[in-house]
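# Structure assessment
These are the residues of each chain, in order.
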Amino acid sequence: MVKLTHNTWDDYKSYILRMIEDENTFAVHETMQDLHPTDRAEMYAELEADGRAFVHKVLSPKEMGEIFEQLTPEEQEIFLEEVDELFAANMFDDMYADDAADFLADMDEDKAAGILDIMQQDEAEEVRELMAYEEETAGAIMTKEFIALRKSDRVTDVMQRLREEAPDAETIYYLYVVDDYNRLAGVVSLRDLITASPDSTVEEAMSTRVVSVDAEEDQENVARLIKRYDFLAVPVITAHQTLVGIITVDDILDVVEEETEEDFGELAGARGSMDASLSAFSAAKKRAPWIVMLMFLGMITADVIGRFEETLEAVVLLAAFIPLIMGSAGNTGTQALAVTVRVLAMEEVRRKDLFGLLRREFGTGVMLGVVCGIAIFAIIPILYGSWMLALVVAVSLFFALSVATVIGTVIPLIINKLKIDPAVASGPFITTLNDLVGLMIYFTVATAMLQYLPVGPQ
């Protein structure tokens, strides 16, 4: 076996590149296998087309599968264009069915069908079964590589079976027990099996209190369940209690990343355009609806300013504080929105406590309004020499921040009640709405106190 005397990452890369250039099959294979799969993928992604072609010859489909799973979607597409369907099919045969299904579901249907036809029948059927589930459901993200036990199995026989089958299973730390009709009957941990008497049965070691999820359950709910119980895996069953798969925590981490990216996109009004690989045209097309809608809301804001034209003409200095009122109200509302969306997403507050959340956020807005109002009331007279102007801005700021937190809390609660993702109450939308409300409060207060303000050009 080839071993490097200096095994830094740069040493590995330069050595492998040199061995590829020399077409040293043995050295490339041994050195690549000595790396972690993530490092192998990084190394592979840095190769030119000729280098990748040589690696395809050196590594088996199973070994390439370990690299393939670590590549980005764009790199995976390039790989499939460079290898023939037989190589790809053999690679998918050796991958976990859920990983193969995830990729093939996004491929061109004809090309995916061609690969599935070449794959081993059993493996292809498992992949097709997973691809048949609706996206973002438990069935779509579960794996079929699990070990199911029977109540009557002897512990010593199970341990021998694990030695033989464990390498191909997604996890063996928790094993699920089924009855004669393949219905979920219990769960037993590897620890329980190790500490049990070798001659005892699985039924004696297992627990019948099993937490499971339906195959049609939303993947977000599965993520919450695994987080709540700190599971490494959760079994997936049908409406008839039949065990059809398991979902492991690594799959849930992918779900959490996906859902977080989606929520960030919603909050920023940029859903679907967060991927840096998208072209400028594609990103603009996805963001345009929000921008156009916010533009029309901005026109309403301009109309509000126009309706108070006489007030502005009388006290021109009022215009200087428009950005302050709008920015403060928008920022406060967005903060309340972020808190509320997180609470709803994490289900940290029960339905009966939602009014308490609203009350807390309103109280927060009131206190922020008091602090900001006092600060601005102290500064304006020093800079502009008008206590009444300071009072108008301070009172407006107080009411604007108080109302902004209510809007930032209530809107996502209403949207959630309508069974819509509360993240669609995006930051730009809440900001623009609070700009509008803040301006109305500002000019209403200014108009009411106009007689006390220093009129005329400032």
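Scroll up to find the structure.
Rules behind the numbers
- Residues numbered from 1 in each chain as written.
- Predicted model: local features only at pLDDT ≥ 70, side-chain atom pairs only at ≥ 80, totals over all residues.
- Heavy atoms only, no water.
- Helix = DSSP H or I, 4+ residues; strand = E, 2+ residues; numbered from the N terminus.
- Buried < 20%, exposed > 50% of the residue type's maximum accessible area, 1.4 Å probe, protein only.
- Contact = heavy atoms within 4.5 Å.
- Areas by Shrake-Rupley, 256 points an atom, 1.4 Å probe, with all protein chains shown as cover.
- Pairing = 2+ DSSP bridges.
- Axes fitted to C-alpha atoms, helices over the stretch in contact; angles between N-to-C directions.
- Core = buried A, V, L, I, M, F, W, Y, C linked by side-chain atoms within 4.5 Å.
- Expected span 1.5 Å × (residues − 1).
- Polar contact = N/O pair within 3.5 Å; in protein donor to acceptor, adjacent residues only side chain to side chain.
- Parallel < 35°, antiparallel > 145°, perpendicular 65-115°, else oblique.
- Nonpolar A, V, L, I, M, F, W, Y, C, P; charged D, E, K, R; others polar.
- Phe/Tyr/Trp six-rings, centres within 6.5 Å; stacked < 30°, edge-to-face > 60°.
- Salt bridge = Lys/Arg side-chain N within 4 Å of Asp/Glu carboxyl O.

### Some details on the overall build of the chain
- When helices and strands are counted, the chain shows 22 helices and six strands.
- For the chain, the residues scored as buried account for 44% of the 458 residues in total.
- Sequence-distant contacts, at least 24 apart, represent 66% of the contacts inside the chain between residues at least 6 apart.
- Surface exposure of the chain reaches about 24600 Å², of which carbon and sulfur atoms provide 55%.

### Side note on the sheet that holds strand 1 (residues 148-150)
- With respect to topology, three strands assemble into an open sheet ordered 1-2-3, the strand pairing being mixed. Of all strands in the sheet, those bounded by a partner on one side alone are strand 1 and strand 3 (184-189). Taken over all neighbouring pairs, the strand axes of this sheet differ in orientation by 40° on average, direction set aside.
- Sheet topology places strand 1 next to strand 2 (residues 174-178); three bridges connect them, and they run parallel. By the bridge assignment, L149 is partnered in strand 2 with V177.

### Re the nonpolar core
- Formed by 60 residues in total, the largest nonpolar core has its most connected members in M64, F79, L80, F92, L104, M119 and I247.
- Not counting residues within four places of it along the chain, the set of residues in contact with I247 comprises A138, I141, M142, V222, I226, L232, A233, V234, V236 and I252.

### Concerning helix 21 (residues 387-417)
- In a regular helix each residue adds 1.5 Å, so 31 residues correspond to 45 Å; helix 21 covers 45 Å between its end C-alpha atoms and thus fits that length.
- At the N-terminal end of helix 21, a side-chain oxygen is found 3.1 Å from the backbone nitrogen of L389, two or three residues along, and the residue is S386.
- Phi turns positive one or two residues past the end of helix 21, at K419, with a value near 65°.

### Examining the packing of helix 5 (residues 61-68) against helix 7 (residues 85-94)
- Between helix 5 and helix 7, the least distance of the axes is 8 Å, while the angle of their chain directions is 75°. Compared by their axis directions, helix 5 and helix 7 come out roughly perpendicular. Side by side, helix 5 and helix 7 meet where P61, K62, M64, G65 and F68 of the first sit next to F87, N90, M91, F92 and D94 of the second.
- When grouped by side-chain class, the residues that make up the contact of helix 5 with helix 7 number six nonpolar, two polar and two charged.

### Notes on the packing of aromatic side chains
- Across all of its chains, the model carries eleven aromatic pairs by this definition.
- Between F68 and F92, the aromatic rings sit 5.7 Å apart at their centres with planes inclined by 90°, giving edge-to-face as the arrangement. Taken together, the residues F68 in helix 5 and F92 in helix 7 connect sequence positions 24 residues apart. Here the two residues F68 and F92 agree in accessibility, since each one is buried.
- Both rings, one in F68 and one in F103, keep their centres 5.0 Å apart while their planes meet at 80°; by these two values the pair is edge-to-face. Linking F68 in helix 5 with F103 in helix 8 (residues 97-106), this pair joins segments that are 35 residues apart in sequence.

### Some thoughts on the sheet that holds strand 4 (residues 213-214)
- Taken together, the three strands give an open sheet; going across it, the order is 4-5-6, and neighbouring strands pair in mixed fashion. Two strands lie at the open edges of the sheet, namely strand 4 and strand 6 (243-248), each paired on one side alone.
- Judged from the five bridges that link them, strand 5 (residues 233-237) and strand 6 form a sheet pairing that is antiparallel. Each bridged residue has a counterpart across the sheet, and for V234 the counterpart in strand 6 is I247.
- Sitting on the sheet, helix 15 (residues 219-229) is in contact with strand 4, strand 5 and strand 6, with an inclination near 140° to strand 5.

### Some words on the pairing of strand 6
- Among the six residues that make up strand 6, six are buried, leaving the element largely enclosed by the rest of the structure.
- Joining the antiparallel neighbours strand 5 and strand 6 is a turn of five residues, in which Q241 adopts a positive phi near 70°.

### Here's the deal with the pattern of salt bridges
- For the coordinates displayed, the defined rule picks out eleven salt bridges.
- With a shortest N-O distance of 3.2 Å, E165 and R161 are connected by a salt bridge. Pair noted here: E165 and R161 are both in helix 12 (residues 155-165), with a separation of four residues, about one helical turn.
- With relative accessibility at 26%, the residue R161 sits in the partly exposed group.
- Sharing partners across several salt bridges, the network here consists of D117, E125 and R128.

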